[in-house]
Every structure is written in structure tokens, then in C-alpha cells.
Amino acid sequence: MSAETMSIFSPKVSARFDALVEKYPVRRSALVPMLLYAQDEIGYLSDAVIAEVAHRIGITELDVRNVATYYSMLRFKPAGKYNVQVCTNISCMLRGAYDVFEKFQDELGIGHKGVTPDGVFSLEEVECIGACCWAPAIQVNYDFHDDLTTDSVPGILAQYRQKSEGQNNA
Amino acid sequence: MPRLVSHPDEVKVVSKRFGQGAANIDKYIELGGYEAIRTCLAQGPDWVIEEMKASNLRGRGGAGFPTGMKWSFVPKQSAKPKYVLINGDESEPGTCKDHLIFLHDPHSVIEGTIIAGLAIGSKIGFIYLRGEYRYLLEIMEKAVADAYAKGFLGKNIFGTDTEFQIITQSGAGAYEVGEESALMESLEGKRGVPRIKPPFPAVVGLYGGPTVINNAETIATVPHVINMGGAAFATIGSPRNGGTRLFGISGHVERPGVYELPMGYNLKKMIYEVAGGVRGGRTLKAVVPGGSSTPVLLPEEIENLGMDFDQVGKAGSMLGSGGVVVIDDQTCIVEFALRTISFYQHESCGWCIPCREGTDWLKKSLTRFHAGFGTAKDIDNIRYLAENMMGRTFCPLGDAAAMPTLGFVKKFRKEFEDHLDGKPCPFAKHTEMAVV
């Protein structure tokens, strides 16, 4: 049984992983990025993801879990389709990040690490995302939104809600 | 898209191609790119290292170690392959300079990496970006592919018999991986737990081979050093601190942004002139000069302070990553200290007990203190805890948590005392802090 024929990933991601393990002098170097890309496709590190990644790298599932639990972006439970990550670290905090975070909580009706009932949004308070000079800043999945005020919040959410509905109707 | 700023006092060396579309390889070449590496290929490794030494370029990640000297430590002969590793894990709160380099000038990182490889006799370079910087990783990956297509990377770079390969890598969320030994662990597919030193990476590094690790800004500066000459580069800065630096000014200023200023530039001027002064005409209370791990400075301490590694060190703090965080008089320092320590508590990997326990207890104490349940004894306890973390951990994360805490307690003891006896925080709660 090869991981390639039994893959839980799409053909595109599967092909990417085939190339990824050959990219480094040592196969295991593919582990951290592979986990992140796997999560991007599946939504979280499910047991099936862990099993296939372990197989592809050639290490035990326990070893994969041991590494995965170290990295804060990796999760073991599904998040929303759009994961809203609000930085509240010092530079953002000084410019009103907690107001922004509270506004997101109010608008979405969820708290830190919560997921909306429809699964469209999840919310997280995160550490510094490297946008300190454009604070307060957030990331929605990998997209940055900066120079925010509480007034920007409804517009950002509407933008992603529309995107989600567009995809559902397509 | 991050906003670019400008000020007449800026000396644009590293940032000179920002906003000019230099992520495109042809544009980069048109703007003088990939000239430095041709010079280096013609002159050879010894010449490159001498130029780097003459430039007085010091590591921009925070430690300020002279780059030329670092390169010269790598043994010429090695049974194992040698590696160049570029640290783009930029995670120190207050720091967002590498963000702009990857976005606007990715080829300068590639060119600098090839030059470093040539200097130490390495055939492989790694460029590691934090996982959150996915869009920047994609820009870097495109730039690397374009450089391969032009023959600037590969078996015979620039038509010579020199080989150099670049491999990009993504992290997945970990501040500690910014520490060089943890970075190597992460790149090897492990938890980013630090290694004990010695051996130093220059001798035993990535995959056990000799490794040079440079910050992304440092490496992006290298081609400019070569083009202008090490000696000319050194004259821009202050003694023993060559060149310019990308200072990220954030917090309570009118015009936050990343400004490129000569090393040694006056901090007060940086805040009041370059960044437009304290927001809303308020009064300056404190400055964190080089990212969240550097001890806080008071307004009277920055009057004549030149921003270079030596002068800031002499003032009792550190230049660090060049992230200047400005704090106004409406801010509660206890809350600021709490937010700072919360970060380190979150990021501590738990490997070394003084850091794991220390950050946790500091967070607990400060949380209680800020809520008005502190006792007078707590203030000394906080200091005692922090003092006992210093120098007792494998990596500098323990120090990075302890140093700012000590600064806050020593310099703002009165403010801590104002929280005593169940009194509410004398400042408005954080949600009102940003209202101007």
C-alpha cells in the first residue's frame, strides 16, 4: 500500500508532497511544511492526515504528533473556513487591538478559538504576526488586513461571508 | 498591503528598491541587481570576507555579531557539506522589517545568500520564513524559480563552475525558532527546541555540517556592501556599527512605519521627527528600543541616545531587532509588562525549567497584580524570579522574558505600587487606551 495511491489529499497536493520529500538533503525536513499544507487542504490535522504524513516521511505517527504539537499554527480540531487571527501583542495592543478583538467577538458571537455554528468563521487571539508598523493587524487565513479600527470589522467579515456564499453557489 | 513611509533623513540602501517592482527579476537586474555576486565570483571568497569585515556590518536579527567575522569562523575544509541558513522567522514583537524585504526585494535575499555561500564554500542555502508569511514565501519561491531559470542558481551559476542551490522553507508558528539552534532543529523536521552550545553552528550546524545563519535583513544588506565597498558602507554608520538599519517604529506615534536610518541615529529624533511624535500630542512615557525583549527606556534616557548596538547597550538596553515601540503617558506599564510576559509564557517551549516555570509564574503574578490583588512583596518577587531566569537557559528566550520584566519593575516601581491594596488600575482599561 503506497501513500500515493491511497492518498487522502487532492492529486495536486499529493503531487506537491511527492516533490516536497525530495527537496531536502534529508527527507524529514519536509515534515513541518507538509503538516501545514496538509492542514490547509483538510482543515486540521486529523488522524488520517497524521497517518499519511508519517508514512510519506517514513517516521512514526507518534513522532509526527510530537513535532506537530510544538507549532502554534497547527491544530487538531477543525477551524472555520475563514480563521480570523487577531494580533493583540504590544504594538497592536497600543493601537486598540483589544477593541478590534472584542468587536470580532461581538460580531461573530464567539470567543477565542470559537467557531461559528455555520462553520464559516473561527476566531483566535494570536501573538505577533509581523505587521507591527501597520497595527492593529489581523490575518484571515493567510491574508493580512492592517491599520484596522473597530469600524473595519463588519466590512472584513462581509467580504469573506460574500466569498463563502459565492463559492457555495458556484 | 503594508504601507511604505518616507522621511528626508532616511538613507536608503537596503530599502532603495522598495515599491519599485523589484520582486520581478528583470526589474531587479535593471536596478543594479545581481552585479554584486558577479564581482564576488571574480574576486573570490577571501576578498568577500575582507570586504564584509571592513563594512562593520553586524547581525540585524538582534545579537549584532559582526557578519564578516561570523563567516570567517567556518572551517575551510569540512568532511560534511556546509550550509547557509537565512533566518526569516521574524517574530520578535515590534519587528516587521523582513516582511518588507521579502515583499519588495526578494532577490536581494537570494543574491546575499549566494554571496554568503561563495564566501564559506557552501553549495546549499536555505531561506526559512515563518509560517504566517505564506504570501511572502510564495513571492520568495517565485523569485528563486526565476533565478534558477536565468542560471543564477544551479550547477553552474552565472556560467561559472560554481554550484549553488537555494531551498525555501516554511515554519508553522513558533517564536523560538528564531533562535539559531532551534531554527536548525525546525528545518530538520523536529520540535524547535534549542541545542546546547558549544559546538557552535559554524562547526556543527544544520545536519551536523558547518552552518552560517544570517538574519534576512543582514543578508539583504550584503549585496549593497559589495557594490559600494565595505569601507564606504562602514562610513554611513557609527564607529563599529556599519551602515543603515531598517527601524520599525510602532505604537503611539503619529507616523508608524519602517524607516531606514544610519546606525547611531538619535532615538529622540527618530520618535519626534521621523515618526511625527507621540500620537495625539500626548507625552512620551517610555520606549522599548529593539523589540519586546529589550529593556524599556525612559524619556530622559533617550535624549542623546544614538541607535547602535554599543550606545544602546551602554544605556542598559539593547538595539535588538530595531523594533522601536513607543508608549504614551496614558498606558499602564503593569499591563504592558503583563502583555509582554504573556507572550513569552506562550512561546516558551518548556525545555529549560527556569524559563518554563519563570514565565508562567511571572504571568500569574502580573495578572494578579494588575487585577489589584498584588501585595508589596510581589514586586520584589517578580524581580527575584526574573533575575533567576537570566543566563540559566539553553536559548535566549528566558533572558528575553526576564530582561524587559526587570526593566519595568526597576524603572516603574511606583506604578506597580499604585496598583497595591486592591486599588483598581490607575489607567483606563485597555479598550480605551487607543482612543485619541
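Residues numbered from 1 in each chain as written. Chains lettered and ligands numbered in written order. Predicted model: local features only at pLDDT ≥ 70, side-chain atom pairs only at ≥ 80, totals over all residues.

Trainee: Would you explain the overall build of chain A in this entry?
Mentor: Along the backbone of chain A there are seven helices and five strands. Walking chain A from its N terminus toward its C terminus, one meets helices and strands in the order α-α-α-α-β-α-α-β-β-β-β-α. Each of the three principal axes of chain A carries a C-alpha extent, and together these read 55 × 40 × 25 Å. With 170 residues in all, chain A has 44% of them scored as buried. For chain A, contacts bridging at least 24 residues in sequence account for 59% of all contacts bridging at least 6. (Helix = DSSP H or I, 4+ residues; strand = E, 2+ residues; numbered from the N terminus. Buried ≥ 20, exposed ≤ 12 C-beta atoms within 10 Å, placed from the backbone. Contact = placed C-beta atoms within 7 Å.)

Trainee: I tried to follow the overall build of chain B on my own but got confused; where do I start?
Mentor: Counting its regular elements, chain B contains 18 helices and ten strands. The C-alpha atoms of chain B give a radius of gyration of 22 Å, which matches the 22 Å a tight globule of 436 residues would have. Reported as C-alpha extents along the three principal axes, the dimensions of chain B are approximately 75 × 45 × 35 Å. Counting only residues that meet the buried cut, chain B has 56% of its 436 residues in that class. (Rg over C-alpha atoms; globule rule 2.2 N^0.38 Å.)

Trainee: Sorry if this is basic, but what is going on with unusual backbone geometry here?
Mentor: Phi is mostly negative for residues that are not glycine, and the peptide bonds are mostly trans. Here the bond from A135(A) into P136(A) is cis, since omega is -10°, no more than 30 degrees from zero. Checked against the element boundaries, P136(A) lands in the loop between β3 (121–126) and β4 (138–140). A cis amide bond links P198(B) with the next residue in sequence, P199(B), at an omega value of 0°. Along the chain, P199(B) falls in the loop between α8 (180–187) and β4 (211–215). For N56(B), which is not a glycine, the phi torsion comes out positive at approximately 55°. Turning to its location among the elements, N56(B) is positioned in the loop between α3 (45–55) and α4 (67–72). A residue is classified by how many C-beta atoms lie within 10 Å of it, and N56(B), with 24 of them, is buried.

Trainee: Honestly, helix α2 (residues 36–43) of chain B in this entry has me stumped. Any pointers?
Mentor: Since the α-helix advances by 3.6 residues per turn, residues separated by three or four positions end up pointing in the same direction. Residue and element names in this part refer to chain B. Buried within α2 are the following residues: A36, I37 and C40. Projected down its long axis, α2 shows its buried positions confined to an angular sector of 95°, all on one face. Looking at the buried positions of α2, the neighbouring elements they touch are α3, α6 (106–120) and α9 (216–228). (Arc of directions from axis to C-beta.)

Trainee: Where do I start with the sheet that holds strand β8 (residues 284–288) of chain B in this structure?
Mentor: In any sheet, the strands associate via hydrogen bonds between backbone groups, in a parallel or an antiparallel arrangement. All names here are of chain B. Spatially, β6-β5-β10-β8 is the arrangement adopted by the four strands of the open sheet, whose pairing is mixed. Edge positions in the sheet fall to β6 (257–262) and β8, since each has one partner strand and no second. The mean inter-strand angle of the sheet, taken between neighbouring strand axes irrespective of direction, is 30°. Summarising the sheet, strand β5 (residues 244–251) and β6 pair through six bridges and their orientation is antiparallel. What sits directly across from T244, in β6, is P262. (Pairing = 2+ DSSP bridges. Axes fitted to C-alpha atoms, helices over the stretch in contact; angles between N-to-C directions.)

Trainee: Would you mind going over the interface of chain A and chain B with me for this structure?
Mentor: In many analyses, interface size is given as the accessible surface area lost on bringing the parts together. The interface of chain A with chain B comprises 42 residues on the first partner and 54 residues on the second. Elements that contribute at least two residues to the side of chain A that touches chain B include exactly α2 (31–42), α4 (61–68), α5 (90–94) and α6 (97–108) of chain A. Ranked by the residues each element gives to the side of chain A that touches chain B, the list is headed by α2(A), at five residues.

Trainee: Looking at this structure, how should I read the packing of helix α5 (residues 97–104) of chain B against helix α7 (residues 134–149) of chain B?
Mentor: Describing two packed helices takes the angle between their axes plus the distance from one axis to the other. Residues and elements named next belong to chain B. At a minimum axis separation of 8 Å, α5 and α7 run at an interaxial angle of 40°. In terms of orientation, α5 lies oblique with respect to α7. You can see that α5 and α7 cross each other, and the crossing is left-handed. For the pair α5 and α7, contact is made by H99, F102 and L103 and by L136, I139 and M140, respectively. By residue class, the composition of the contact of α5 with α7 is five nonpolar, one polar and no charged. (Parallel < 35°, antiparallel > 145°, perpendicular 65-115°, else oblique. Left-handed = near helix turned anticlockwise from the far one by under 90°. Nonpolar A, V, L, I, M, F, W, Y, C, P; charged D, E, K, R; others polar.)

Trainee: Explain the confidence of the model for chain B here, please?
Mentor: Close reading of the predicted structure is inappropriate where its pLDDT is low. Residue and element names in this part refer to chain B. Mean pLDDT over chain B works out to 95, with 98% of the residues at or above the 70 mark. Scored below 50 in pLDDT, residues 430–436 shows 15 contacts in the model against residues more than four places distant or in partner chains. In the model output, the complex is listed with pTM 0.96 alongside ipTM 0.96. (pLDDT = per-residue confidence, 0-100.)

Trainee: Sorry if this is basic, but what is going on with the domain arrangement of chain B here?
Mentor: Residue and element names in this part refer to chain B. Taken domain by domain, chain B comprises domain 1 (25–236), domain 2 (244–328) and domain 3 (333–433). Taken together, the contact between domain 1 and domain 2 spans 14 residues of the former and 19 residues of the latter. Here the residues of the side of domain 1 that touches domain 2 sort into four nonpolar, five polar and five charged. (Domains from an automatic or database assignment.)

Trainee: Just checking my understanding: could you explain the domain arrangement of chain A for this structure?
Mentor: Here chain A is partitioned into domain 1 (11–68) and domain 2 (82–169). With centres defined by C-alpha atoms, the gap from domain 1 of chain A to domain 2 of chain A works out at 28 Å.

Trainee: Is there a simple way to think about the packing of α2(B) against α9(B) in this case?
Mentor: All names here are of chain B. Axis separation between α2 and α9 bottoms out at 9 Å; the angle between their running directions is 65°. It follows from the interaxial angle that α2 and α9 lie roughly perpendicular. Considering only the axes of α2 and α9, their crossing is left-handed. In this structure, α2 uses A36, T39 and C40 to contact α9, whose residues at the interface are P223, I226 and N227.

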